Structures are given as structure tokens and as C-alpha cells.
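Residue-level listing of the chains:
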Amino acid sequence: MLNNIGLPGLLLIAVVVLVLFGRGKISSLMGEVGKGITAFKKGVKDGTDEIEQANTGDEAKDVTPETDKTSSKDKV
């Protein structure tokens, strides 16, 4: 059904939306859509950075001082 709208059909839809909602409402709506897209991109980037950091990080290191390691083994 939507395969053959074409450029004239899209322009007609744009004009109808402009008449129904007005210029100010559409401009504020597009601003909110832009902010949403920016927040989504930032979230995706943060998620991929977190995954990359988890994958490239070394395994958990034992940071217990050497003197404590030997004394804890002797207690067991």
C-alpha cells in the first residue's frame, strides 16, 4: 500500500501535518525527536564502551600483599 506514495504524496502529507499541528508545534516536536536520537546514540555508545572495557580488561588480579598470602595459606 505504501510502496507507491512518491514525492507528491509525501509533500501532500507534509502539508496536511503542517496545517493540522502548526509550525511551532512541529518545530518543538522535531527538537524533542532530535534530543531523543542524541540520547539514544549516547546510550548505545556508553553500552558498547562498557562491553569493550569488560572484554579488554585483564582478569581479576590478586592484590593481596605477599606476606598476607603466605600467612593465610598456613592457617588453612
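Just so you know, these numbers come straight off a predicted model, no measurement behind them.

### Things to note about the overall build of the protein chain
Along the backbone of the protein chain there are 3 helices and 0 strands. Each helix (α) and strand (β) of the protein chain, taken in turn from the N terminus, gives the series α-α-α. A burial count over the protein chain gives 1% of its 76 residues as buried. On the protein chain, roughly 7,300 Å² of surface is accessible, and the fraction owed to carbon and sulfur atoms is 64%.

### A word on helix α1 (residues 6–21)
One full turn of an α-helix is made of 3.6 residues, so residues set three or four places apart face in the same direction. With 16 residues, α1 should reach 22 Å at 1.5 Å per residue; the first-to-last C-alpha distance of 23 Å fits that figure. Looking one or two residues past α1, Gly22 carries a phi angle of roughly 85°, positive in sign.

### Some remarks on the packing of α1 against helix α2 (residues 23–56)
One way to put it is that α1 packs onto α2 with a least axis distance of 6 Å and a crossing angle of 105°. In this view, α1 runs roughly perpendicular relative to α2, as classed from their interaxial angle. Contacts from Val17, Leu18 and Phe21 of α1 reach α2 at Arg23, Lys25 and Ile26. Partitioning the contact of α1 with α2 into residue classes produces 4 nonpolar, no polar and 2 charged.

### As for the pattern of salt bridges
This model, assessed by the stated rule, comprises 3 salt bridges. Linking Asp46 and Lys42 is a salt bridge whose minimum nitrogen-to-oxygen distance equals 3.3 Å. Taken together, the residues span about one helical turn, with Asp46 and Lys42 both in helix α2 at a distance of 4 residues. Using a relative accessible area of 37% as the deciding quantity, one classes Asp46 as partly exposed. For Lys42, a relative accessible area of 55% translates into the label exposed.

Conventions we followed
- Sequence positions are assigned chain by chain, starting from 1 and proceeding in written order.
- Reporting of local features is limited, given that this is a predicted model, to residues whose pLDDT is at least 70; pairs of side-chain atoms are given and counted only at 80 or more, and all residues count toward the totals for whole chains, interfaces and linings.
- Each side-chain value is derived from all of the structure's non-hydrogen atoms; neither hydrogens nor water enter the calculation.
- Secondary structure elements are defined from DSSP: runs of H or I of at least 4 residues count as helices, runs of E of at least 2 residues count as strands, and each element is numbered from the N terminus.
- Burial here depends on accessible area, computed with a 1.4 Å probe over protein chains only, as a share of the maximum for the residue type. Under 20% is buried, over 50% is exposed, and the range in between is partly exposed.
- Only the protein chains shown count as cover for residues, and all accessible areas are computed by the Shrake-Rupley method using a 1.4 Å probe.
- One less than the number of residues in a helix, times 1.5 Å, gives the span that helix is expected to have.
- Here an angle of 0 to 180 degrees is reported between the N-to-C directions of two axes, which are lines fitted to C-alpha atoms, with helices fitted over the stretch in contact.
- Note on terminology: angles under 35 degrees are roughly parallel, angles over 145 are roughly antiparallel, angles of 65 to 115 are roughly perpendicular, and the others are oblique.
- Here, two residues are considered to be in contact whenever any of their heavy atoms come within 4.5 Å of each other.
- Three classes are used, and their members are as follows: Ala, Val, Leu, Ile, Met, Phe, Trp, Tyr, Cys and Pro are nonpolar, Asp, Glu, Lys and Arg are charged, and the others, Gly among them, are polar.
- Any Lys or Arg side-chain nitrogen located within 4 Å of an Asp or Glu carboxyl oxygen qualifies as a salt bridge.

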